[in-house]
Amino acid sequence: MCGIVGYIGKKHRAGEVLLDGLKRLEYRGYDSAGMCVMDEGREQTFKAIGKVNILEKKIGKCRTKTNIGIAHTRWATHGKPSIKNAHPHKSGKIHLVHNGIIENYQELKDELIKKRHEFYSETDSEVVAHLIDEENKKYDFETAVIRALTQICGAYALVIIHEDEPKKMIAVRNSSPLVIGVADGEFILASDASAIIQHTNRVVYIDDGEMVVLTPDTYRVKTFSGKNKRKKEQLLDWTDDEAQKEGYSHFMLKEIFEQPNAVSDALRGRIILKNGNAKLGGLIEVTEQLRDIERIVIVSCGTSYCAGLVGEYMLEEYAGLPTEVEYASEFRYRKPLVNKKTAVIAISQSGETADTLAAIREAKNKGALTLGIVNTVSSTIARETHAGVYNHAGPEVGVASTKAFTSQLSILVLLTVFLGRQRQMSFTMGKKILSELKHIPKKIDKVFEDEKNIKRIARKYAKYESMFYLGRKYNFPIAMEGALKIKEISYIHAEGYPSGEMKHGPIALIDKNFPSVILAPNDSVYDKTLSAIEEIKARGGKVVAITTEGNREKLKKHANDIIEIPKTLEMLTPLLSVVPLQLLAYYAGAKKGFDVDKPRNLAKSVTVE
Ligand code: F6R
């Protein structure tokens, strides 16, 4: 997730509008920033590592009176944060900014290198500039863009300018957001309306498969196949803050709803159905070493630890690899038994968690192969592990982790198939898991259809002081994650427990003031979970059941409240069952009037012991 802005018009200096827009889009990415402005075809490009104010200082007084330009604030996916990798990218007279991921960039790059194109960055985005430049040798600017689009696969919002056409700007969209701000004598293009509303509240949302051609006076929208489209303008009455959250009341809620995209981005280009296998570019260098691995240890903290626990179930059942999950803070101070046949995997959204980093250093010291499942490109954990897989979930702003979690689970499924296929997993099993994994984003969307019911339940239970979260097998870690979420956001004391353990002690706590949220999907342990529900009901405890769709009638007499999730493979249920728990925590916290995005006593990145 990056932020892009484009300006074309007669009223303002492009550089000023672009800098202001970048500052407002900084929450979308902040590892580097850049801008290209044009004055009568003379281009000026500025780039800086770090936040937009560093770029601003660099630009200093060089802000010439220009009326067309593009700018970008980056959240790295392909290539570390550096000046070379910062956008805008160029080839010949083409300059562009890109938000998204180009899946087939390596193949395209190889072809373009044969045609004598020289590349300056490690990014997937630069390939698009070269493709358009190559097509522009034979075709006009607009046709060249369309011809380039037919060759790229992936997600993109692109804003493109041409040194020979200083009164034209082209933008296209496929699976990455793009909106035009419409004012008299000027247009602003951006990833979201927060970069626009201080200039105009008239906006046009561009849809997938659409291209916009803008001049200082007008704009037209057409499909990639050339059909003209009439678009409706919308009037926004959002404040700056609301626009950054795209109308959601908190970043946490926005990020919960971003999960279908976050999962799609984690899977993008990594599922190869025809081989029944996953393609994980970041593991290429250690592929052979991974064949010899006999054991896996996952080290992580908090929500990332819960993801690791789900990973343990998957890796043992489907890859046949003995797996343990450890709190990184414990691993680092005891005597961990690892050797070169052990892969130690760090899971971390920030890539900077001090305990996880220390655990990885300890494992490396003992000769283990270290891998990272990390969201932040070039973070310390990403740099210090031998190899790894990036999440591509984009920055997570809310302190409570949501979209990073489902993205971590998605990578763990891919890793399970990858390691499983190196061992005993059949082609058919690999294909079955991956085919179903592809449907998860749509199924998460389906969970959102029950939002009203979930909100109602959250408000009903927000008054309790203590709760149990119970689950079994793949959903035991989700019970832990659900309890962690409601603790952090709603300050309700909650215990995440394996439902089978209740009878060994904790059930003594149950009474009418101690409700339980029970994960009861239709899986291989469903009957056992039903028994746990009965035991709780028999002691006067209230039950909220998360179950598979179609089960409502059967469960009605057992549970007080029911939330349904779509049917999927047992190993993939955590990707769905966690979503209502995130919403329960969010709505309970919001009902109590808490600062959901910044819960008390917590920090987004825990870089101390
Ligand atoms: C909970 C949460 C924390 C983090 C934990 C690890 O919502 O956000 O528990 O999961 O601090 O952080 P990372 O994944 O950045 O290592």
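Residues numbered from 1 in each chain as written. Predicted model: local features only at pLDDT ≥ 70, side-chain atom pairs only at ≥ 80, totals over all residues. Heavy atoms only, no water.

**Student:** Provide a residue-level description of the overall build of the chain, including the pertinent values.
**Tutor:** Secondary structure summary: the chain contains 20 helices and 27 strands in total. Its C-alpha atoms give the chain a radius of gyration of 25 Å, within 12% of the compact-globule value 25 Å for 609 residues. With respect to the three principal axes, the spread of C-alpha positions in the chain is 80 × 55 × 45 Å. Burial status across the chain gives 62% buried among its 609 residues. Across the chain, every contact between residues at least 6 apart in sequence was considered, and the portion connecting residues at least 24 apart equals 71%. (Helix = DSSP H or I, 4+ residues; strand = E, 2+ residues; numbered from the N terminus. Rg over C-alpha atoms; globule rule 2.2 N^0.38 Å. Buried < 20%, exposed > 50% of the residue type's maximum accessible area, 1.4 Å probe, protein only. Contact = heavy atoms within 4.5 Å.)

**Student:** Give me the lowdown on the sheet that holds strand S8 (residues 169–174), citing residues and values where you can.
**Tutor:** The strand order across the open sheet built from 7 strands is S5-S6-S7-S8-S12-S13-S14, with neighbouring strands paired in antiparallel fashion. The outermost strands of the open sheet, each flanked by one partner alone, are strand S5 (89–91) and strand S14 (228–229). As paired elements, S5 and strand S6 (residues 94–102) share 3 bridges and run antiparallel to each other. Looking across to S6, one finds that His89 is bridged to Leu96. Lying over the sheet, helix H5 (residues 141–149) contacts S6, strand S7 (154–162), S8, strand S12 (210–214) and strand S13 (219–223), oriented at roughly 160 degrees with respect to S7. (Pairing = 2+ DSSP bridges. Axes fitted to C-alpha atoms, helices over the stretch in contact; angles between N-to-C directions.)

**Student:** Let's hear about the environment of Ser466: which residues, and what values?
**Tutor:** On the secondary structure map, Ser466 appears in strand S23 (residues 466–471). Along the chain, Ser466 and Leu509 lie 43 residues apart, while their C-alpha atoms are 9.7 Å from each other. Once residues within four sequence positions are removed from consideration, Ser466 is found in contact with Ile492, His493, Asn513, Phe514 and Pro515. Reaching out from Ser466, the side chain makes a polar contact with the side chain of His493 at a distance of 3.0 Å. (Polar contact = N/O pair within 3.5 Å; in protein donor to acceptor, adjacent residues only side chain to side chain.)

**Student:** Can you explain the pattern of salt bridges? Please cite residues and give values.
**Tutor:** Counted under the stated rule, the structure contains 40 salt bridges. Two residues, Lys231 and Glu210, come together in a salt bridge whose shortest N-O distance is 2.8 Å. With Lys231 in the loop between S14 and strand S15 (234–235) and Glu210 in strand S12, this pair connects stretches of sequence that are 21 residues apart. As far as burial versus exposure is concerned, Lys231 and Glu210 are alike and both buried. Residues joined by salt bridges that share partners form a network here, namely Glu142, Glu165, Lys168, Arg220 and Lys222. (Salt bridge = Lys/Arg side-chain N within 4 Å of Asp/Glu carboxyl O.)

**Student:** I'd like to hear about the site of the ligand, residue by residue, with values.
**Tutor:** Around the ligand, a shell composed of 13 residues is seen, among which Ser304, Ser348, Gln349, Ser350 and Thr353 lie nearest. Residue Ser304 places a side-chain N or O atom 2.6 Å away from an oxygen atom belonging to the ligand. Between the ligand and Val399 there is a distance of 3.3 Å, counted from an oxygen atom to a backbone nitrogen or oxygen. Alone, the ligand offers 410 Å² of accessible surface; in the complex the protein occludes 90% of this. Listed by contribution, the elements that provide at least two residues to the shell around the ligand are helix H10 (302–319) and helix H17 (476–490). Ranked by the residues each element gives to the shell around the ligand, the list is headed by H10, at 3 residues. Partitioned by chemical class, the residues of the shell around the ligand number 3 nonpolar, 8 polar and 2 charged. (Near = heavy atom within 4 Å. Areas by Shrake-Rupley, 256 points an atom, 1.4 Å probe, with all protein chains shown as cover. Nonpolar A, V, L, I, M, F, W, Y, C, P; charged D, E, K, R; others polar.)

**Student:** A description of unusual backbone geometry should follow, citing residues and the corresponding values.
**Tutor:** Glycine aside, residues mostly have negative phi angles, and peptide bonds mostly take the trans form. Between His87 and Pro88 the backbone carries a cis peptide bond, its omega angle lying at 0 degrees. Its identity as a non-glycine residue notwithstanding, Ser175 has a phi of 65 degrees, on the positive side. Judged by its relative accessible area of 37%, Ser175 falls in the partly exposed class. Here His392, not a glycine, exhibits a phi torsion of approximately 65 degrees, which is positive. Relative to the elements of secondary structure, His392 occurs in the loop between strand S22 (387–390) and helix H14 (403–422).

**Student:** Go over the sheet that holds S22 with me, naming the residues and quoting the values.
**Tutor:** With parallel pairing, 5 strands are arranged side by side in an open sheet as S19-S18-S20-S21-S22. The open sheet terminates on both sides in strands that have one partner only, identified here as strand S19 (323–327) and S22. Geometrically, the sheet is characterised by an average inter-axis angle of 20 degrees between neighbouring strands, direction not taken into account. Judged from the 4 bridges that link them, strand S21 (residues 369–374) and S22 form a sheet pairing that is parallel. Counted as the bridge partner of Leu371 is Ala387 from S22. In this fold helix H12 (residues 354–365) packs onto strand S18 (295–300), strand S20 (342–348) and S21, with an angle of close to 165 degrees to the strand it touches most, S20.

**Student:** Account for the state of the cysteines, naming residues and giving values.
**Tutor:** Evaluation of the coordinates by the stated rule reveals 0 disulfides. Cys2 takes part in no disulfide bond, and the closest cysteine sulfur, belonging to Cys36, lies 17 Å away. (Disulfide = S-S within 2.5 Å.)

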